[in-house]
Amino acid sequence: MADVDAQRIRDYYEHIDADDLESVFALFADDVTYHRPGQPSLDGMAEFERFYREDRPLSEGEHTVESLTVGDDTVAVRGTFEGKQDGETVAFGFADHHRFDDDGLITERWTYTDTGAV
C-alpha cells in the first residue's frame, strides 16, 4: 500500500507559491505523470521539471486549499489560485488529484481548473 501523506500535498502548494522548485521536485517520483485535460500529459521527471522551469504559465500567486481528502493511495484537493497567468492577473478555482507510490512520492497528478489551460 502507498504511503499517503497529506502534508506532502500542503507542502507542494507552499513550495510552488514560494517558487522553491527543488523542494517541489523532491515530492515527486522519477516516473511522474502529470495529466492536464486538453493538453498532452507530462511523462517523467525531465518533462515535469521542464514544464515548471520553462513552460508553466502561472507565476507570482498563492494557492488556497479549501478541502483535502485522503484515500488509500490518493489525495484530492479543491482550492483557489490568485496570481499571474502569462502576465495577467487571474483568480480561479482548481481541483487536483495526486496518486502516491509505495515510497510516499507523488507518481501521478491531475489538474482541473475552471478557466481552461494552465
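The chain carries the name Nuclear transport factor 2 family protein in an unreviewed UniProt entry, which gives Halosegnis longus as its organism.

Caption draft 1: The arrangement of the pairing of strand β5 (residues 88–100) in detail. Pairing of strand β4 (residues 74–85) with β5 involves 12 bridges; the strand directions are antiparallel. Each bridged residue has a counterpart across the sheet, and for Gln-85 the counterpart in β5 is Glu-88. The turn linking β4 back onto β5 is made up of two residues, and Asp-86 within it adopts a positive phi angle of 50 degrees. Of the pairings in the sheet, the one linking β5 to strand β6 (residues 106–113) comprises seven bridges and is antiparallel in character. Bridging from a neighbouring strand, Phe-100 pairs with Ile-106 of β6. The turn joining β5 and β6, which pair antiparallel and follow one another in sequence, is formed by five residues; a positive phi near 85 degrees is taken by Gly-104.

Caption draft 2: View of the packing of aromatic side chains. Within the structure shown, the criterion is met by 12 aromatic pairs. For the ring pair Phe-25 and Phe-48, a centre distance of 6.2 Å and an interplane angle of 70 degrees mean the geometry is edge-to-face. Of this pair, Phe-25 sits in helix α2 (residues 21–25) while Phe-48 sits in helix α3 (residues 45–55), and the two are 23 residues apart along the sequence. Accessibility assignment for this pair places Phe-25 and Phe-48 in one class, buried. Where Phe-28 meets Phe-48, the ring centres are 4.5 Å apart and the plane angle is 45 degrees; that geometry is what we call tilted. Taken together, the residues Phe-28 in strand β1 (residues 28–35) and Phe-48 in helix α3 connect sequence positions 20 residues apart. When sorted by exposure, Phe-28 lands in the same class as Phe-48, which is buried. Grouped by ring-pair contacts, the aromatic residues Tyr-12, Tyr-13, Phe-25, Phe-28, Tyr-34, Phe-48, Phe-51, Tyr-52 and Phe-94 constitute a single cluster. The residue whose ring lies beneath Arg-36 is Tyr-34, and the NZ or CZ to ring-centre distance is 5.9 Å.

Caption draft 3: Molecular detail of helix α1 (residues 6–17). With 12 residues, α1 extends 17 Å between its outermost C-alpha atoms, agreeing within 8% with the 16 Å of an ideal straight helix rising 1.5 Å per residue. Regarding α1, the residues found buried are Ile-9, Tyr-12, Tyr-13 and Ile-16. Buried residues in α1, looked at end-on, bunch into an arc of 85 degrees, giving them a common side. Sitting at the head of α1, Asp-5 places a side-chain oxygen 3.0 Å from the backbone nitrogen of Gln-7. The positive-phi residue at the C-terminal boundary of α1 is Asp-19, with phi of around 60 degrees.

Thresholds, definitions, all that
Within each chain, residues carry numbers counting from 1 in the order of the written sequence. The model is predicted, so local features are restricted to residues of pLDDT at least 70 and side-chain atom pairs to those at 80 or more, both for listing and for counting; the totals for chains, interfaces and linings are taken over all residues. In computing side-chain properties, one takes all heavy atoms of the structure into account and sets aside hydrogens as well as water. We treat two strands as partners when DSSP finds at least two bridges between them. Going along the chain from the N terminus, every DSSP run of H or I of four or more residues is numbered as a helix, and every run of E of two or more is numbered as a strand. Pairing of aromatic side chains requires ring centres within 6.5 Å, counting the rings of Phe and Tyr and the six-membered ring of Trp. Pairs whose planes differ by under 30 degrees are stacked, by over 60 edge-to-face, and all others tilted. Working definition: with a 1.4 Å probe on protein chains only, accessible area under 20% of the residue-type maximum means buried, over 50% means exposed, and in between means partly exposed. Two thresholds decide whether a charge sits over a ring: the Lys NZ or Arg CZ must be within 6 Å of the ring centre and within 35 degrees of the ring normal. Multiplying 1.5 Å by the residue count of a helix minus one yields the expected span of that helix. The arc in question is the one spanned by the directions pointing from the helix axis to the C-beta atoms. Pairs of N or O atoms are called polar contacts if they sit within 3.5 Å, as long as, within protein, a hydrogen donor faces a hydrogen acceptor (for residues adjacent in sequence, only side-chain-to-side-chain pairs).

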